[in-house]
Structures are given as C-alpha cells and as structure tokens.
Amino acid sequence: MKMKTLSAVVVVAALGLAGCANPDVYSGDVYSSSAAKQAQTVTYGTVVSVRPVTIQAGDENPNLIGTVGGGVVGGMLGNQVGGGSGRSLATAAAAIAGAMVGSRAEDKINQVRAVELEVRTDRGDSLIVVQKADRDWQAGQRVRLVGSGSTMSVAPY
C-alpha cells in the first residue's frame with residue numbers, strides 16, 4: 001500500500017510540473033536570454049490584419065509527462081479490478097487508456113492563445129508574426145518589428 005501511495009504522489013507531482021511550463025516565452029514582451037544584450041533590427045509598419053490562433057507548445061518533449069503519468073495512474077487504477085489474469089488484462093488496458101488520456105490532457109494544457117499579425121512594413125513588405133495574445137491589436141495600428149527570422153516580435157509604436 002505504501003508503494004501505491006508513493007507512486008500516486010510522484011505522478012501528481014510530475015503532472016503538476018507540466019502545468020508550470022512558461023507560456024510567456026511566446027509574448028512579444030519576453031526576450032530569451034540569448035537575445036539580451038544583442039543588437040536587434042527594428043522595422044516599422046502598420047497592422048493589416050489580426051487573426052486569433054493557437055500555439056501548441058511543448059514540442060521539446062511532446063506529451064512525455066502526460067503519457068507516462070496517465071499510464072501509471074491508469075495502471076494503478078486497473079490493478080484494483082478483478083483478480084488473476086483478469087487483473088493483468090485490466091491493468092494493461094487501463095494503463096493504455098490512461099496514457100492516451102494523459103497525452104490529450106497535456107496537449108490541451110500546452111496550448112497558448114495567440115494572434116497572427118499581418119504587418120505591412122514602411123518599405124512595402126508584408127510579414128506575418130505569431131505571438132501570444134497578451135494585448136489588443138487593431139488593424140491600422142502602428143507597430144515596430146524587433147529582430148528577424150525566428151526571433152521577431154511585434155510591439156506597439
């Protein structure tokens with residue numbers, strides 16, 4: 001019984017840590033440590049369109065914590081059912097179901113509300129930047145684009 005309690009505590013702690021992922025890295029107001037103290041290119045422009053989108057975070061370890069945690073919890077619950085070979089079958093089936101549910105739950109937890117901003121630069125180029133929806137953007141709004149390539153963010157001007 002002591003091992004089951006310890007396993008449950010470990011799984012709950014792991015799932016809790018999954019919820020601590022920092023979605024602010026997708027904000028236009030947050031710089032990575034490698035961007036600090038680096039010269040950034042600045043371009044000015046006007047927002048042409050704003051579209052709500054979702055960023056699916058967690059690409060580094062896709063669903064690892066949810067899948068493993070859900071499988072462990074499912075297996076522990078399935079092990080409480082039946083006896084003999086029926087218990088083994090229930091444990092395996094519940095572990096698989098738990099892993100699937102845990103994976104889906106982690107997918108949902110790792111979603112970040114975002115916006116796709118289409119910006120027409122003062123030079124006439126059109127750019128699309130996706131970042132966290134942490135402020136209200138309007139078509140016609142003047143902005144500055146900071147950075148380039150995969151490190152570009154949009155800020156009000």
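Higher on the page you've got the structure.
Treat the numbers as computed from the prediction; the structure is a model and nothing was measured. (Residues numbered from 1 in each chain as written. Predicted model: local features only at pLDDT ≥ 70, side-chain atom pairs only at ≥ 80, totals over all residues. Heavy atoms only, no water.)

> Where do I start with the pattern of salt bridges in this structure?
Two side chains with opposite charge may pair up if their charged atoms get near one another. Summed over all chains, the structure comprises two salt bridges. Close ionic contact of Arg142 with Asp122 constitutes a salt bridge, the shortest N to O distance being 2.8 Å. Within this pair, whereas Arg142 is found in strand E4 (residues 142-146), its partner Asp122 is found in the loop between strand E2 (111-121) and strand E3 (126-132), the two being separated by 20 residues in sequence. Assessed through its relative accessible area of 32%, Arg142 is described here as partly exposed. (Salt bridge = Lys/Arg side-chain N within 4 Å of Asp/Glu carboxyl O. Helix = DSSP H or I, 4+ residues; strand = E, 2+ residues; numbered from the N terminus. Buried < 20%, exposed > 50% of the residue type's maximum accessible area, 1.4 Å probe, protein only.)

> Sorry if this is basic, but what is going on with the packing of aromatic side chains here?
Between two aromatic rings, the relevant description is the distance of the centres plus the angle of the planes. Per the counting criterion, the structure on display carries one aromatic pair. Look at Tyr44 and Tyr157: their rings are 4.6 Å apart centre to centre, the planes differ by 55°, and that puts the pair in the tilted class. Here Tyr157 lies in the segment after strand E5 (153-156) and Tyr44 lies in strand E1 (residues 42-56), a separation of 113 residues in the sequence. A residue is classified by how much of its surface remains accessible, and Tyr44, at 32% relative accessible area, is partly exposed. (Phe/Tyr/Trp six-rings, centres within 6.5 Å; stacked < 30°, edge-to-face > 60°.)

> Is there a simple way to explain the pairing of E3 in this structure?
Side-chain direction in a regular strand flips from residue to residue, so the side chains alternate between the two faces of the sheet. Pairing geometry for E2 and E3, over seven bridges, is antiparallel. Across the sheet, Glu118 pairs through a bridge with Ile128, a residue of E3. Hairpin connection, E2 to E3: the antiparallel pair is bridged by four residues, and Gly124 has positive phi, about 100°. (Pairing = 2+ DSSP bridges.)

> Explain the sheet that holds E3 to me, please; I cannot follow it from the model alone.
Strand pairing within a sheet occurs via backbone hydrogen bonds; the two strands may be parallel or antiparallel. Here five strands make up an open sheet; going across it, the order is E3-E2-E1-E4-E5 and the pairing antiparallel. Pairing within the sheet leaves two strands with one partner each, and these edge strands are E3 and E5. Looking at each pair of strands side by side, their axes are set apart by 40° on average, direction ignored. Inspection of the sheet shows E1 paired to E2 by 11 bridges, in the antiparallel sense. Bridge pairing in E2 places Gly45 opposite Thr121. (Axes fitted to C-alpha atoms, helices over the stretch in contact; angles between N-to-C directions.)

> What is the right way to read the nonpolar core from this model?
As a rule of thumb, nonpolar side chains are buried together in soluble globular proteins. Of all hydrophobic cores here, the largest spans 10 residues; its members are Val47, Val115, Leu117, Val119, Val129, Ala133, Trp137, Val143, Leu145 and Val154. The set of elements that each furnish at least two residues to this core consists of E2 and E4. Looking at which element gives the most residues to this core, the answer is E2, with three residues. Counting residues in each nonpolar core, the second largest holds five residues, with Ile55, Ala57, Val112 and Ala114 among its members. (Core = buried A, V, L, I, M, F, W, Y, C linked by side-chain atoms within 4.5 Å.)

> Where do I start with the environment of Val81 in this structure?
Within the secondary structure layout, Val81 lies in the loop between helix H2 (64-78) and helix H3 (84-109). Residue classification places Val81 among the partly exposed positions, given a relative accessible area of 47%. Each residue touching Val81, except ones within four places of it in the same chain, is listed here: Arg87 and Ala90. (Contact = heavy atoms within 4.5 Å.)

> Quick question: what am I supposed to make of the environment of Asn79 here?
Within the element layout of this structure, Asn79 appears in the loop between H2 and H3. With a relative accessible area of 28%, Asn79 lands in the partly exposed category. Spatially, the C-alpha atoms of Asn79 and Ala90 are 6.5 Å apart, while their sequence positions differ by 11 residues.

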